[in-house]
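Chain by chain, the residues run as shown.
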Amino acid sequence: MSFQIFWEKLDRKVALSVQAQLNSFFASLEPRPSFLGEISVEQLDFGSVPPQFEIIDLTEPFPEFYLATEDDVVSSAPRPLSPATQRSYFGSQADTAYQTPILPGELAVERGEDDMQLIAKVEYCGDMSLVLRTELQLNYPATQFASLPVTLHITRIEFSATAVIAYLPDRVNLCFLEPEPPHTSLLRSFAIRTEVGDTHQHVLKNVEKLELFITEQLRHAIDDDFVFPSYHSFEAF
């Protein structure tokens, strides 16, 4: 079963959210090669070509989707209840009464009669693009003796995966299943154009070590963050 995807609804706000997630990933990279400065995603464009999306099954949502996530635990941290809420649920308890927090692994969402889960094949080969910036650091004759700005343009992205989309009472959960052999990553391929220097100096291209590192980390960013049992949860409106 195939259907139309309104790709244009992935606007600037969504792009900035994805950029923030990628920047958080790159900021936490340890160790980072000594020749490389901090990495940031400066631009993300979803392009105009949507992925091909084919539903292959409808199932019950995975049990793990009903358990507390880190966001659930943070949002349910103990906090004083308002006087109105105390009168409704705790009678004459003192104003310092606290709500019970949700702990990791506990049930956070009750099953609903309309809960369902889509298993779908997703294929992407479009005009999405990324621009990353960093610095190439020269550590001789001293550490960080000099640095050159680096811009990496990521294009021609090819992506193939089995997506899991679960519709729960108050949220939608998204993840992907492990790639099928012989593939080891959801991100099949992409092109990198690297520029070292600035517009007023000599520009070096195709810095092999830098491109190899970025390639590996982009694959990790997707595979570690989106492959089940990891998943992303969005509030349902």
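What you are looking at is a predicted structure, and each value in this text was computed from that prediction instead of being measured. (Residues numbered from 1 in each chain as written. Predicted model: local features only at pLDDT ≥ 70, side-chain atom pairs only at ≥ 80, totals over all residues. Heavy atoms only, no water.)

Per the secondary structure count, the protein includes four helices and nine strands. What you see in the protein, going N to C, is helices and strands ordered as α-β-β-α-α-β-β-β-β-β-β-α-β. Counting only residues that meet the buried cut, the protein has 35% of its 237 residues in that class. A total of about 15,000 Å² of accessible surface is found on the protein, and carbon and sulfur atoms cover 55% of it. (Helix = DSSP H or I, 4+ residues; strand = E, 2+ residues; numbered from the N terminus. Buried < 20%, exposed > 50% of the residue type's maximum accessible area, 1.4 Å probe, protein only. Areas by Shrake-Rupley, 256 points an atom, 1.4 Å probe, with all protein chains shown as cover.)

If you look at the biggest cluster of nonpolar residues, it comprises 41 residues, and the most contacted ones within it are Ile39, Leu130, Leu132, Ile154, Ile214 and Leu218. Secondary structure elements with two or more residues in this core: α1 (12-27), β1 (40-45), β2 (52-59), β3 (116-125), β4 (129-138), β5 (146-167), β7 (187-196) and α4 (208-226). Tallying contributions element by element places β5 first for this core, with eight residues. With nine residues, the next largest nonpolar core counts Tyr66, Val109, Val164 and Ala166 among its residues. (Core = buried A, V, L, I, M, F, W, Y, C linked by side-chain atoms within 4.5 Å.)

What follows is about the environment of Leu152. Tracing the sequence through the fold places Leu152 in strand β5. For the pair formed by Leu152 and Val41, sequence separation is 111 residues and the distance between their alpha carbons is 9.4 Å.

Counting across every chain of the model gives three salt bridges. A salt bridge links Glu60 to Arg111; the nearest nitrogen and oxygen atoms lie 3.7 Å apart. In this pair, Glu60 is assigned in the loop between β2 and α2 (70-75) and Arg111 in the loop between α3 (83-89) and β3, connecting sequence segments 51 residues apart. For the salt bridge of Asp170 with Arg171, the shortest nitrogen-to-oxygen distance reads 3.0 Å. Residue class for Asp170 comes out partly exposed when judged on its relative accessible area of 37%. (Salt bridge = Lys/Arg side-chain N within 4 Å of Asp/Glu carboxyl O.)

A few words on the pairing of strand β6 (residues 171-176). In this structure, β5 lies alongside β6, joined through five bridges in antiparallel fashion. Bridge pairing links Tyr167 to Val172 in β6. What sits between the antiparallel neighbours β5 and β6 is a turn of three residues. As paired strands, β6 and strand β9 (residues 232-235) are joined by four bridges and run antiparallel to one another. Bridging from a neighbouring strand, Leu174 pairs with His232 of β9. (Pairing = 2+ DSSP bridges.)

Quick look at unusual backbone geometry now. Most peptide bonds take the trans form, and the phi angle of most residues other than glycine is negative. In this structure, the amide linkage connecting Pro181 to the following residue, Pro182, adopts the cis form with an omega of 10°. Within the secondary structure, Pro182 is located in the loop between β6 and β7. Residue Pro229 is reached from Phe228 by a cis peptide bond, and omega for that bond is 20°. Position of Pro229 relative to the elements: it lies in the loop between α4 and β9. Phi is positive for Arg156, which is not a glycine, with a value near 50°. Relative to the helices and strands, Arg156 resides in strand β5. With a relative accessible area of 62%, Arg156 lands in the exposed category.

Moving on, we get to α1. End to end, α1 covers 22 Å across 16 residues, agreeing with the expected 22 Å (1.5 Å per residue, within 8%). For α1, the complete set of buried residues consists of Ala15, Gln19, Leu22 and Phe26. Viewed along the axis of α1, the buried residues span an arc of 70°, placing them on a single side of the element. Along α1, exposed side chains directed more than 90 degrees from the buried face belong to Lys13 and Ala27. Where α1 is buried, its residues meet β1, β4 and α4. With a side-chain oxygen positioned 3.2 Å from the backbone nitrogen of Lys13, the residue opening α1 is Asp11. (Expected span 1.5 Å × (residues − 1). Arc of directions from axis to C-beta. Contact = heavy atoms within 4.5 Å. Polar contact = N/O pair within 3.5 Å; in protein donor to acceptor, adjacent residues only side chain to side chain.)

The next subject is the packing of α1 against α4. For the pair α1 and α4, interaxial distance at closest approach is 11 Å and the crossing angle is 110°. With respect to α4, the element α1 is oriented roughly perpendicular. In this structure, the crossing between α1 and α4 has a hand that is right-handed. Facing Gln21, Leu22, Phe25 and Phe26 of α1, the residues of α4 in contact are Gln217, Leu218, His220, Ala221 and Asp225. By residue class, the composition of the contact of α1 with α4 is five nonpolar, three polar and one charged. (Axes fitted to C-alpha atoms, helices over the stretch in contact; angles between N-to-C directions. Parallel < 35°, antiparallel > 145°, perpendicular 65-115°, else oblique. Left-handed = near helix turned anticlockwise from the far one by under 90°. Nonpolar A, V, L, I, M, F, W, Y, C, P; charged D, E, K, R; others polar.)

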